[in-house]
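The lines below spell out each chain.
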Amino acid sequence: MNTDNTSSAIEPNPDVVPEDMRDPSEDRWMSMPVWVRALVLLASAGGVLMAIGYIFSIFPLLDLTYYFLLMAAFLPVVYLLLPAWKGEKGVTWASYAPAIAIAVLCLIMAYFARQLVFGTWVPVREDWQLVVAVGLYLLILEGARRSGGMVFLVIVLVLSLYPVYAFYMPGIFWGPPTSFARTVAFNVFSNDAMLGVVTRVVAETLIGFLLLAALMVATGAAEFFLNLALAMMGTARGGPAKVSVLASGFFGSLSGSIFSNVVGTGSVTIPAMKKAGFPAYYAGALEACASTGGMIMPPVMGAVAFIMADFTGISYGTIVLAAVIPAVLYYFGLYMHVHGYALRNNIEGMAREDLPKVGRVLKDGWPFLIVLAFLVWGLVIMRWERLTPFYASGLLLVLTTLHPKLRLEIRRVPELFYQISKLLSQTMGLLLPTSFILGGLMATGVAPVIAASLVRMGGDNVVPVLAIGIVVCMIFGMLGMIVAAYLMLALTLAPALEQIAGLNTLAVHMFVAYYASLAAITPPVALAAFLASRISGSDALHTSMHAARLGVVLYVLPIFFLFEPALIFQGPLWETAVWTVLNIVAVIMIAGASEGEFPYRGALRTWTRLPLFAAGLLVGFPEWMSTVVGLAIAAALFFVPAADPKPRKAQAAASTG
């Protein structure tokens, strides 16, 4: 998993995924002694039971006691499954030692949690307490290195220790002098840092969704959704590519993960697209875009959505509902790109006899659709919030027990708890270090100062402030630090935008989250596109350039709903309906201009594509004058005769990548 949430919803095809991209954790897991694996599984089962007891208030447990016990159950797995160095074969003492140390320190803190709650725990006055703080800090940083790499570690280290050197920083970045001991203690023990929003979200909200995701995978949801996509879209023109769009949307709605979704679904869909006639670079770019959409696809989005709910106080159900129209518009844009390319290159769909039948697929997997519908109902209508995934998990177990093909066999229970342990450990390994970034900003008090400076800089013009936010989102997103980007800008940029232009709070926070995710397909460091290019065998930069083109709708959607919150159901329903229709028209125009093929119109003349693209942007932008101008331009272009169709040699391009 990356910073975006959980691991893939399907198993990647080992015959397609390059050797150095395959998950090494499986080999490390099997290399451990049986008794060590048994302890990990027992800790996983105990952690799940404890979470259920705490969240449903079955037994009394202090918040901090629960947090540290959960860390003790799952954080050690980070060191056991991820190597200490690239060449570490199996699990050595370089991995066992930090695993044991983090478990012991977390258990110590669980024991002394009451002192933390009542303020009698003062680590800077007791040497042994400071040792505990430094130990936890360093071990979590080591987990960050193993999970996110050296760049992630350096950024977390620099920003978390910001209070130590803030005294030497100029202007708005200045902060009062703080010692190293106090800074580390604040990062580890403060409710504004590690024991705050990030840990609370993981321990109280994410754990339920991760449990549901693991259960869905264990009972066969991955195969069901892939077959459903094949049955629904396989025979359509450009079928394999449309299957990729639909399947990645399905999987993304469960996992909320970008990079593992690329490997999981891409190992199946990319070869199918190439076989159908799509060039290797196009197949890789499309899969990267479709997987990136998983971060914004309800009902289970990335970790940012859960943190957003906690940070803003807006219910998660409201955020799920708000994400519906943007997600549909984005995937519709991908669909129209594929349709246009397939039309222009005469790429047909797959033969019906080679595909599963819709009725048969639904008969074999109907419980999964019922569970997803129940999840949405619980989140949006009943507003059960963190309880919803647990109810959904219980419903899934009941329905699959009644279904002979989906029943969870006893022999697969250990695998289930292994997957839960893996998902939660990876989540903690990547998210807990980002709480240190939050601590570094909060300890110095620079966040409100930066926000106030942005307000002064913007004055009556919101554009420069937006530009700064977009650049910061892109930089952090390119490094895979989506949660870190959101946390920083939620503290600094979001208040500034709300003050300057009176923008809707939810729209501002979703704007930040979307642009952080967008970096995954944005050159020059488009990690999702680079990953997909490894599977497709295409040039990485060429693939990323086409990913940015195919995902163009995601670049403009956040701006549209930022200035028209009705697109995220933050306004009158009639405005929501009007602007949704206009945005659908805009997406068709943008995709048609991008591919050079307009549905029911034919191939576009080269000189008309740029004006049509601009017209699409004007139609979608929520301002009536620009919309009318865009429609007028599109109407004028409609009278231009279609170009002579000149299909490109897609099959030849597919072989060259």
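Residues numbered from 1 in each chain as written. Predicted model: local features only at pLDDT ≥ 70, side-chain atom pairs only at ≥ 80, totals over all residues. Heavy atoms only, no water.

Caption draft 1: Inspection of helix α18 (residues 358-381) at higher detail. For α18, spanning 24 residues, the distance from its first C-alpha to its last is only 29 Å, which falls clearly below the expected 34 Å at 1.5 Å a residue. The sharpest bend along α18 comes to roughly 70°, located at G365, with the proline P367 sitting one to four residues further on. Buried within α18 we find V361, G365, P367, F368, V371, L372, F374, L375, G378, L379 and V380. Downstream of α18 by a residue or two, R383 has a phi angle that is positive, lying close to 55°. (Helix = DSSP H or I, 4+ residues; strand = E, 2+ residues; numbered from the N terminus. Expected span 1.5 Å × (residues − 1). Bend = angle between axes of the 7 residues up to and from the residue. Buried < 20%, exposed > 50% of the residue type's maximum accessible area, 1.4 Å probe, protein only.)

Caption draft 2: Spotlight on empty space enclosed by the protein. Using the criterion set out here, one finds 5 cavities of 30 Å³ or more in the structure. There is about 120 Å³ of room inside the largest cavity. Listed by contribution, the elements that provide at least two residues to the lining of the largest cavity are α15 (303-312) and α25 (505-518). The leading source of residues in the lining of the largest cavity is α25, at 4 residues. Residues belonging to the lining of the largest cavity are distributed by class as follows: 11 nonpolar, 2 polar and no charged. (1 Å grid on protein atoms, 1.4 Å probe; cavity = no way out; pocket = protein on both sides within 12 Å on 5 of 7 lines; lining within 4 Å. Points joined across faces, edges and corners; volume = space filled by probe spheres on them. Nonpolar A, V, L, I, M, F, W, Y, C, P; charged D, E, K, R; others polar.)

Caption draft 3: Representation of a nonpolar patch on the surface within the structure. On the surface, L321, V324, V328, F569 and L573 cluster together into a nonpolar patch covering about 410 Å² of accessible area. Take V324: it is sitting in helix α17 (residues 324-345). The partly exposed category is assigned to V324, whose relative accessible area is 31%. (Patch = residues over 30% accessible without salt bridge, like charges linked within 9 Å, V, L, I, M, F, W, Y side chains within 5 Å. Areas by Shrake-Rupley, 256 points an atom, 1.4 Å probe, with all protein chains shown as cover. Salt bridge = Lys/Arg side-chain N within 4 Å of Asp/Glu carboxyl O.)

Caption draft 4: Structural view of the side chain of T576. Looking at where T576 falls in the secondary structure, it is placed in helix α29 (residues 573-595). Exposure remark for T576: the relative accessible area of 4% places this residue in the buried category. Residues contacting T576, with those up to four places away along its chain left out, are I325, A566, F569 and G571. (Contact = heavy atoms within 4.5 Å.)

Caption draft 5: Representation of the pattern of salt bridges in the model. Tallied over the full model, the rule gives 10 salt bridges. Residue E26 pairs with K422 through a salt bridge whose shortest N-O separation is 3.2 Å. Separated by 396 residues along the polypeptide, E26 in helix α1 (residues 25-31) and K422 in helix α20 (residues 413-444) bring together distant segments of the chain. Given a relative accessible area of 30%, E26 falls into the partly exposed group. Accessibility expressed as a relative area gives 6% for K422, which makes it buried.

Caption draft 6: Broad picture of helix α24 (residues 493-501). Residues of α24 that are buried: L493, A494, A496, L497 and I500. In an axial view of α24, the angular spread of the buried residues amounts to 160°, which keeps them on one side of the axis. G502 lies just past α24 and shows a positive phi near 60°. (Arc of directions from axis to C-beta.)

Caption draft 7: The arrangement of the packing of aromatic side chains in detail. Scanning the model with the defined rule gives 32 aromatic pairs in all. The interplanar angle of 50° and the centroid separation of 4.7 Å between the aromatic rings of F209 and F306 together place this pair among those described as tilted. Of the two residues, F209 is situated in helix α10 (residues 197-218) and F306 in helix α15; the sequence distance between them amounts to 97 residues. For the pair formed by F209 and F306, the shared burial category is buried. (Phe/Tyr/Trp six-rings, centres within 6.5 Å; stacked < 30°, edge-to-face > 60°.)

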